[in-house]
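# A look at the structure
The primary structure of each chain is shown beneath.
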Amino acid sequence: GSDHDAKPFEEGEKAKVRFGLKADRPNLGLVQFDGNGSMVFPKIDKVRTLVCVVERGEKCPTHTTFIGNSTSGKTWGYHGNHRIRQYGLKSIYDGIQRRDGESIKFNQGGSFLKQLQITVLVTKAQVTADWLGLRKDGAGNRYFIGNYAEIMIYDRPLAEAEILSIEKYLGDKWGIAIKHDGTGSAGRLPWVETNEPVALNKAGPVSDKKQASSKVV
């Protein structure tokens, strides 16, 4: 996969990095959206797997979304009745949907928790994303309220072993209980397509196995 020129998050006026929000991980910062702003990142046209560690705020509007497409509010749908995702493209709903290590229907009422959760979506076709914390519709701007811990975007569908490895890695990192032991043959994140050992980077430990490349946005 390509790295899409991803860059580390930089604080803006409407989204702040806060530390100490998760008591058992005080040194890990969360990106906090307060319902007054959003963040644009370089457009990715080939989203096939989306992994998010995110929590909704108590007063998060139901018609917003934590990730979206700035050109169409219909692409990713929204959080109606505190769902992880409702409506949106068919390619999203025909794909794999998981939360905290088990399969779940994103359009299940109350599926979007008020605590950090690991969500995994593998789409059936390429989807475009370039926006965090905002959905536009006929009523105007709908801003997200909640916290982002980590987002990973891949331009290919991940295999089961890779998904298990990601969920285990993120569960350990953020102190989130998952429904399995992370057993899989993919090794630890991040994966880099190479036959040679590679250096550590900010995303986490590296395996020296030949593995698929990842992208963190």
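A brief report on the enclosed structure follows.

Cut-offs used in this document
- Residues numbered from 1 in each chain as written.
- Predicted model: local features only at pLDDT ≥ 70, side-chain atom pairs only at ≥ 80, totals over all residues.
- Heavy atoms only, no water.
- Phe/Tyr/Trp six-rings, centres within 6.5 Å; stacked < 30°, edge-to-face > 60°.
- Helix = DSSP H or I, 4+ residues; strand = E, 2+ residues; numbered from the N terminus.
- Buried < 20%, exposed > 50% of the residue type's maximum accessible area, 1.4 Å probe, protein only.
- Lys NZ or Arg CZ within 6 Å of the ring centre and 35° of its normal.
- Polar contact = N/O pair within 3.5 Å; in protein donor to acceptor, adjacent residues only side chain to side chain.
- Salt bridge = Lys/Arg side-chain N within 4 Å of Asp/Glu carboxyl O.
- Core = buried A, V, L, I, M, F, W, Y, C linked by side-chain atoms within 4.5 Å.
- Contact = heavy atoms within 4.5 Å.
- Expected span 1.5 Å × (residues − 1).

### Examining the packing of aromatic side chains
- Overall, the coordinates contain six aromatic pairs when judged by the stated rule.
- A centroid spacing of 5.5 Å and a plane angle of 50 degrees characterise the contact between Phe 66 and Phe 112, whose relative ring orientation is tilted. In this pair, Phe 66 is assigned in the loop between β3 (39–56) and β4 (67–68) and Phe 112 in the loop between β6 (102–103) and β7 (117–132), connecting sequence segments 46 residues apart. Take Phe 66 and Phe 112: they sit in the same class, and that class is buried.
- Where Phe 112 meets Phe 144, the ring centres are 6.2 Å apart and the plane angle is 20 degrees; that geometry is what we call stacked. Of the two residues, Phe 112 is situated in the loop between β6 and β7 and Phe 144 in the loop between β9 (140–143) and β10 (145–154); the sequence distance between them amounts to 32 residues. Take Phe 112 and Phe 144: they sit in the same class, and that class is buried.
- Aromatic ring contacts, followed pair by pair, group Phe 33, Phe 66, Phe 112, Phe 144 and Tyr 148 into a single cluster.
- The cationic tip of Arg 85 hangs over the ring face of Phe 66; the distance from NZ or CZ to the ring centre is 5.0 Å.

### With respect to the side chain of Glu 162
- Position of Glu 162 among the secondary structure elements: in helix α2 (residues 160–174).
- Looking at Glu 162, the relative accessible area reads 12%, which means it is buried.
- A polar contact is formed between the side chain of Glu 162 and the side chain of Arg 156, at a distance of 2.7 Å.

### Topic: the pattern of salt bridges
- Throughout the structure, instances matching the rule amount to nine salt bridges.
- Its salt-bridge partner being Lys 43, residue Asp 45 comes within 4.0 Å of it at the nearest N-O pair.
- By relative accessible area, which is 42% here, Asp 45 ends up partly exposed.
- For Lys 168, the salt bridge is made with Asp 172, and the minimal N-O distance between the two is 3.3 Å. One end of the pair is Lys 168 and the other is Asp 172, both in helix α2 and four residues apart, which spans about a single turn.
- A relative accessible area of 28% places Lys 168 in the partly exposed class.
- Assessed through its relative accessible area of 37%, Asp 172 is described here as partly exposed.
- Taken together, the shared-partner salt bridges in this structure form one network comprising Lys 22, Asp 24 and Arg 25.

### Here's the deal with the nonpolar core
- With 26 residues, the main nonpolar core has Leu 50, Phe 66, Ile 67, Trp 76 and Tyr 148 as its most contacted residues.
- Contributions of two or more residues to this core are made by β2 (30–34), β3, α1 (90–93), β7 and β10.
- What Phe 66 contacts, discounting residues up to four positions off in sequence, is Cys 52, Val 54, His 79, Ile 84, Arg 85, Phe 112, Thr 119, Trp 131, Leu 132, Gly 133, Phe 144 and Tyr 148.

### Concerning α2
- Given a rise of 1.5 Å per residue, 15 residues ought to cover 21 Å, and the 21 Å separating the end C-alpha atoms of α2 matches this to within 8%.
- Buried residues along α2 sit against β2, β3, β5 (96–99), β7 and β10.

### Notes on unusual backbone geometry
- Even without being a glycine, His 82 presents a positive backbone phi close to 55 degrees.
- Tracing the sequence through the fold places His 82 in the loop between β4 and α1.
- Look at His 82 and you get partly exposed, because its relative accessible area is 26%.
- The phi dihedral of Asp 100 is positive, around 50 degrees, even though this residue is not glycine.
- With respect to the helices and strands, the residue Asp 100 is situated in the loop between β5 and β6.

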